[in-house]
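# Close look at the chain arrangement
Chain by chain, the residues run as shown.
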Amino acid sequence: MSIAIVTGGSSGLGKLVCQQLGQHYDVMNWSLDTGVDVRSSDAVKAAAAVAARTGPIAVLVNCAGINRIDFIPELAPVTWNDVMDTNARGIFYTTKALCDHMRGGTILNIVSNAAHVPMTSSLAYGASKAAALQMTRIMARELGKTHDITCFSVSPNKLAGTGMSSYIEERVCKLRGWTPEQAKKYQLDALPAGVETDPATLAEFVGFLLSSKERHRYLQGCDIQYGAP
């Protein structure tokens, strides 16, 4: 059976994606819990070498991500670096380490509606996800030709019930002096349907797309705005 690698697969959306892909592939979870830090080039190279010896690598899902909420005057350089290293540099490291081992395969980057919609107090996260979106387009154009790799992305809106979602609500409450109800209303009012995205449904959708090359072959370079911005 071919291998699917999912970064950040120990919790949240990544864990759900691992479960869905497990129906079609041998899944490797690259996360801090499994000893793979996508912010480290050496760690990723070592994990890629192990994966390449294990079997053919068909799919890479770059799902690892963090968010830090701060107004610009209080945004620390170390925080900026941590967000960019995880959400953007991590995609570079995994893609660079794996592309020669997955010719004809697929890379899916989990981006965010934050790449499309400017959100106050979210400079680092928004910038990192905008970088991830442009990286997807460039990867599709280049690796599609040189490695026959299909590259596309999914940009969800706010996910319900995840650790990141809880962090955002708590942080927004602290920064703005709001109650949890006010923070929730503020976020939902910004969404087109006024509801959060169910991560289990999104993971099922991702699993369906990635279950067969023919289901996503023509999404080369596309970004699916799941829930719309």
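Let me sum up the structure you'll find in this document. (Residues numbered from 1 in each chain as written. Predicted model: local features only at pLDDT ≥ 70, side-chain atom pairs only at ≥ 80, totals over all residues. Heavy atoms only, no water.)

Spanning 12 residues, helix H7 (residues 199-210) covers 16 Å between terminal C-alpha atoms, matching the ideal 16 Å at 1.5 Å per step. Turning to H7, its buried residues are Pro199, Leu202, Ala203, Val206, Gly207, Leu209 and Leu210. One face of H7 carries all of its buried residues, which in axial projection span an arc of 160 degrees. The secondary structure elements touched by the buried residues of H7 are helix H1 (12-21), strand E3 (57-62), strand E4 (106-110), strand E5 (150-156) and strand E6 (223-226). Backbone nitrogen of Ala200 and a side-chain oxygen of the N-cap are separated by 3.2 Å at the start of H7; the cap is Asp198. (Helix = DSSP H or I, 4+ residues; strand = E, 2+ residues; numbered from the N terminus. Expected span 1.5 Å × (residues − 1). Buried < 20%, exposed > 50% of the residue type's maximum accessible area, 1.4 Å probe, protein only. Arc of directions from axis to C-beta. Contact = heavy atoms within 4.5 Å. Polar contact = N/O pair within 3.5 Å; in protein donor to acceptor, adjacent residues only side chain to side chain.)

Here we take up the nonpolar core. Counting residues in each nonpolar core, the largest one holds 26 residues, and the members touching the most others are Ile5, Trp30, Leu98 and Ile107. Breaking this core down by element, the ones donating at least two residues are strand E1 (3-7), helix H2 (41-54), E3, helix H3 (77-98) and helix H4 (123-146). Residue contributions to this core peak at five residues, all from H4. The contact partners of Trp30, leaving out residues within four places of it in the chain, are Ile5, Val6, Thr7, Gly8, Gly9, Val36, Val44, Ala47, Ala48, Ala51, Thr94 and Leu98. The next biggest cluster of nonpolar side chains, apart from the first, holds 23 residues, and it includes Leu21, Val61, Leu108 and Val206. (Core = buried A, V, L, I, M, F, W, Y, C linked by side-chain atoms within 4.5 Å.)

One can find Leu143 in helix H4. With relative accessibility at 7%, the residue Leu143 sits in the buried group. Expressed as a C-alpha distance, the spacing of Leu143 and Gly161, which sit 18 residues apart in the sequence, is 35 Å. Here Leu143 is in contact with Thr95, Cys99, Ile107, Asp148, Ile149 and Cys151, once residues within four sequence places are set aside.

On to the environment of Val44, then. Summarising the element assignment, Val44 is placed in helix H2. Exposure remark for Val44: the relative accessible area of 0% places this residue in the buried category. It is 9.6 Å that separates the C-alpha atoms of Val44 and Thr95, two residues lying 51 residues apart in sequence. Here Val44 is in contact with Trp30, Asp37, Val38, Tyr93, Thr94 and Ala97, once residues within four sequence places are set aside.

Of all seven residues making up E5, seven are buried, and the element is well covered by its neighbours. Neither face of E5 is left uncovered, since the one carrying Thr150, Phe152, Val154 and Pro156 and the one carrying Cys151, Ser153 and Ser155 both have all their residues buried. Note on the crossover from E4 through H4 to E5: the handedness is right-handed. (Right-handed = clockwise from strand over helix to strand, strands pointing away.)

Looking now at the sheet that holds strand E2 (residues 26-30). With parallel pairing, six strands are arranged side by side in an open sheet as E2-E1-E3-E4-E5-E6. Edge positions in the sheet fall to E2 and E6, since each has one partner strand and no second. Each neighbouring strand pair of the sheet contributes to a mean axis angle of 15 degrees, computed without reference to strand direction. Of the strands in this sheet, E1, E2 and E3 touch H2, which is tilted by about 170 degrees from E2. (Pairing = 2+ DSSP bridges. Axes fitted to C-alpha atoms, helices over the stretch in contact; angles between N-to-C directions.)

One can find Asn109 in strand E4. For Asn109, a relative accessible area of 0% puts it in the buried group. There is a polar contact of 2.9 Å between the side chain of Asn109 and the side chain of Asn62. Excluding residues within four positions of it along the chain, Asn109 makes contact with Asn62, Ile91, Ala132, Thr136, Met139, Phe152, Ser153 and Val154.

Counted according to the given criterion, the structure contains eight salt bridges. Ionic pairing is found between Asp82 and Arg39, a salt bridge with its closest N-O pair at 2.8 Å. With Asp82 in helix H3 and Arg39 in the loop between E2 and H2, this residue pair connects regions lying 43 residues apart in the sequence. Residue Asp82 is classed as partly exposed on the basis of its relative accessible area, which comes to 23%. The exposure class assigned to Arg39 is partly exposed, which follows from its relative accessible area of 33%. Put simply, Asp37, Arg39 and Asp82 are held in one network by salt bridges that share partners. (Salt bridge = Lys/Arg side-chain N within 4 Å of Asp/Glu carboxyl O.)

Before going further, it helps to examine a nonpolar patch on the surface. A cluster of nonpolar side chains, namely Ile72, Trp80 and Leu123, defines an oily patch on the protein surface of about 280 Å² accessible area. Within the element layout of this structure, Trp80 appears in helix H3. (Patch = residues over 30% accessible without salt bridge, like charges linked within 9 Å, V, L, I, M, F, W, Y side chains within 5 Å. Areas by Shrake-Rupley, 256 points an atom, 1.4 Å probe, with all protein chains shown as cover.)

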